[in-house]
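Breakdown of the fold
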Amino acid sequence: MSLSSDLLVLLDDLLLLSPEEAARAVGDAFADLQWQEADESEINAVATAYLPFLHKTAMRLRASLRQSGLPLNDTARGQWRALLRLYRYAQLLLNLVLTALHEQEDERSEYLVRIHQERVEWAIRTLLDGYRVYVDVPRSLLVDLHQLVDLARADLADSTPSGWLSIHRHYVAFLTLAVVNPYGLTPEELEDGYDCLIQLGELIHLSQETPSATSRFIDLSGKILPHVALTPRASMASAGVFLDLGRLYEPSSLDGLPTQCRTTIYGLLERLQFYFSGRTPRSAQTPATAQSSLISLGFISAHHRLERLEHPDMGDDLSLSLAGLDWEGLEQPIRGGVRPLAAEPEFKMDIRNPRLNEELSWEGVHGAPESRPAVVRSSESWDVINFSAQGFRFHWRLAGNSHAAVDDLLLAEFPQGARDRPNLVLGVVRWVRHMDEDLKTIDMGVQRIPGQMFASYARDARTAGAGWSKNWPIIVLLDDQARPSRAVIATALAIEAQTLLVLRDGHEVRLQLGAVCQTGQDFLIMEVERVDA
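What this report covers is the structure whose coordinates are included nearby. In every chain, residue numbers begin from 1 and rise along the written sequence. This being a predicted model, a pLDDT of at least 70 is required before a residue's local features are given, and a value of 80 or more before pairs of side-chain atoms are given or counted; all residues contribute to the totals for chains, interfaces and linings. Values shown for side chains rest on all heavy atoms present in the structure; no hydrogens or waters enter the calculation.

Re the sheet that holds strand β11 (residues 452-460)
Should DSSP find at least two bridges between two strands, the strands are regarded as paired. The helix count covers DSSP runs of H or I at least four residues long, the strand count covers runs of E at least two residues long, and both are numbered beginning at the N terminus. Read around the barrel, six strands follow the order β11-β12-β13-β16-β15-β14 and close on themselves; strand pairing throughout is antiparallel. Averaged over all pairs of adjacent strands, the angle between their axes in this sheet comes to 45 degrees, without regard to strand direction. As paired strands, strand β14 (residues 499-504) and strand β15 (residues 507-519) are joined by six bridges and run antiparallel to one another. Paired with V502 across the two strands is V509, which belongs to β15. Geometry is summarised by axes, namely lines fitted to C-alpha atoms with helices restricted to the contacting stretch, and by angles between N-to-C directions that run from 0 to 180 degrees.

What to know about the packing of helix α1 (residues 6-14) against helix α3 (residues 40-65)
Packing of α1 against α3 leaves a shortest axis separation of 10 Å and a crossing angle of 15 degrees. Between α1 and α3, the interaxial angle falls into the category roughly parallel. Crossing of α1 over α3 shows left-handed handedness. Along the contact surface, α1 presents L7, L8, L10, L11 and L14, while α3 presents A45, V46, A49, Y50 and F53. Polar here means any residue outside two lists: the nonpolar Ala, Val, Leu, Ile, Met, Phe, Trp, Tyr, Cys and Pro, and the charged Asp, Glu, Lys and Arg; Gly therefore counts as polar. Taken together, the residues of the contact of α1 with α3 sort by class into ten nonpolar, no polar and no charged. Convention used here: angles under 35 degrees read as roughly parallel, angles over 145 as roughly antiparallel, angles from 65 to 115 as roughly perpendicular, and any remaining angle as oblique. Crossing chirality is assigned from the near helix's rotation relative to the far helix, an anticlockwise turn below a right angle marking it left-handed and a clockwise turn marking it right-handed. Contact between two residues is taken to exist if any of their heavy atoms lie within 4.5 Å; hydrogens are not considered.

Points about the sheet that holds strand β3 (residues 240-244)
The strand order across the open sheet built from three strands is β1-β3-β2, with neighbouring strands paired in antiparallel fashion. Strand pairing shows two members of the sheet lacking a second neighbour, β1 (205-207) and β2 (215-219), which therefore form its edges. Here the strands of the sheet are splayed against their neighbours by 30 degrees on average, with no regard to which way each runs. Of the pairings in the sheet, the one linking β1 to β3 comprises three bridges and is antiparallel in character. Paired with L206 across the strands is L243, a residue of β3.

As for helix α5 (residues 109-132)
Working rule for helices: expected span equals 1.5 Å times residues minus one. Taking 1.5 Å as the rise per residue, α5 with 24 residues should run 34 Å; its terminal C-alpha atoms sit 34 Å apart, in good agreement. Summarising burial for α5: 18 of the 24 residues are buried, a large majority. Following α5 by one or two positions, Y134 adopts a phi angle in the positive range, close to 60 degrees. Relative accessibility under 20% of the residue-type maximum defines a buried residue, over 50% an exposed one, and the middle range a partly exposed one, all with a 1.4 Å probe and only protein chains included.

Brief notes about the packing of helix α4 (residues 74-102) against α5
Relative to each other, α4 and α5 sit at 165 degrees, their axes nearing to 10 Å. Of the possible angle classes, the one that applies to α4 and α5 is roughly antiparallel. Classified by chirality, the crossing of α5 by α4 is left-handed. Grouping the constituent residues of the contact of α4 with α5 by class yields 15 nonpolar, six polar and three charged.

Quick notes on the pattern of salt bridges
Criterion for a salt bridge: a side-chain nitrogen of Lys or Arg within 4 Å of a carboxyl oxygen of Asp or Glu. Enumeration over the complete set of coordinates arrives at 16 salt bridges. With a closest N to O distance of 2.9 Å, D74 and R77 form a salt bridge. Placement of both D74 and R77 in helix α4 is noted, with a separation of three residues, approximately one turn of the helix. On the basis of relative accessible area, D74 is assigned to the exposed category, the value being 61%. Put simply, R125 and E191 hold a salt bridge, and the shortest N to O gap is 3.0 Å. Taken as a pair, R125 in helix α5 and E191 in helix α8 (residues 187-198) lie far apart in primary sequence, 66 residues in all. The buried category is assigned to R125, whose relative accessible area is 19%. When salt bridges with common partners are traced through the structure, they connect R62, E121, R125, D129, R132 and E191 into a single cluster.

Okay, structure coming up:
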């Protein structure tokens, strides 16, 4: 196959294929080419034709992938692998174009800037794709990004400072998003956060000097993910830099930003406070024997289960008919460990050597271990890893029809309860991450909601006397004096009513809604005050 003819003709056929099939076909076609024998004009012709196609194909994959549930199904996993392939093919073409450009005596600075920008942007977007589907991003991809930025600095910092500053803003914006713990952000928060942080890139600094109180360590070797590297190990301090975020907390730092961006940045800065203020001790959960427990995920599911615990004699037809699709139907999950994740095959790009050799594996598998059969486990297997007053972390092997998402409400029943009743813990899922080889087990972090609670139903106080309806489930949280202090309600109810009538022990309780404390998946946690007592 020649670069000048057959490869360009193939592009018409690729337009008829699905994105996954097109990614494989591009890899097969590129593998048959003798890139070393191509001249500059042929490389430029292929790059001009294929780079826009690769970009559009990636956009099609992202539009579909962001709608995927958790755990990922086979289709979504294939889309993620296709994005990794497209990244490699785009970097190959950009690498070749950059090498040819360096060989010219009269380098065009604006073209040089654009090539470096595209290389860095491809790396960042692919990393964000991994975060969006909550999988561990390949370590080599992080190393790629650091090296690509380093090469851009060497090429542009002196000759084209404005071009280098643009790349630097995108780089530090991504690093800031990465240290916040991207596995605790929704896809929309990731996208909005990255776009807004780019506008604040000049306030974020990288330094190898002594860190300040608002600095985070960035491991350039990729061995420690940014959100995990709280402090550098003694043997690794020279292998990284410190990301100083102190200026983001200055009162005037957000002046001039649109209102939506200010709200987004405030949320990210609040999350960052966790890393700067320290954490409370956590205890590992290592029981000697297996214990049966139950986890209900989702607002409707948690409400349904809590209602059944408070009224065990209620008819099944009465409550189950109200549970809806949110109810998982899990019974007696079994504790157990999970097999560690076998990471995606590494595909480290040879960034410092722009000419590729014949040993390149177009599927990105260099000495990858042989696939091993998955451990067969119950679809309801789960294991608490650690527990504290603020929350807990656990591994859950979900069934294929299960769902999990950041900001879901969760009710956990632990066996050591007082008065023969399970020890109930209500919380909100704050981060999720795939952790095993077949992407079925989810690593979850849950923030606890303190206080006693009861499940009931609410209606608009303006409908008094119209009879009770169970259209609006509500979970009321009580303070130390057993007074209603907060409530978990459906978002739609908060829009319709400001004063609620809540049924408890056969009596109506009138609650006035106050400020919103937290937002979740189709629910709000709001302050409430009893106004009829």
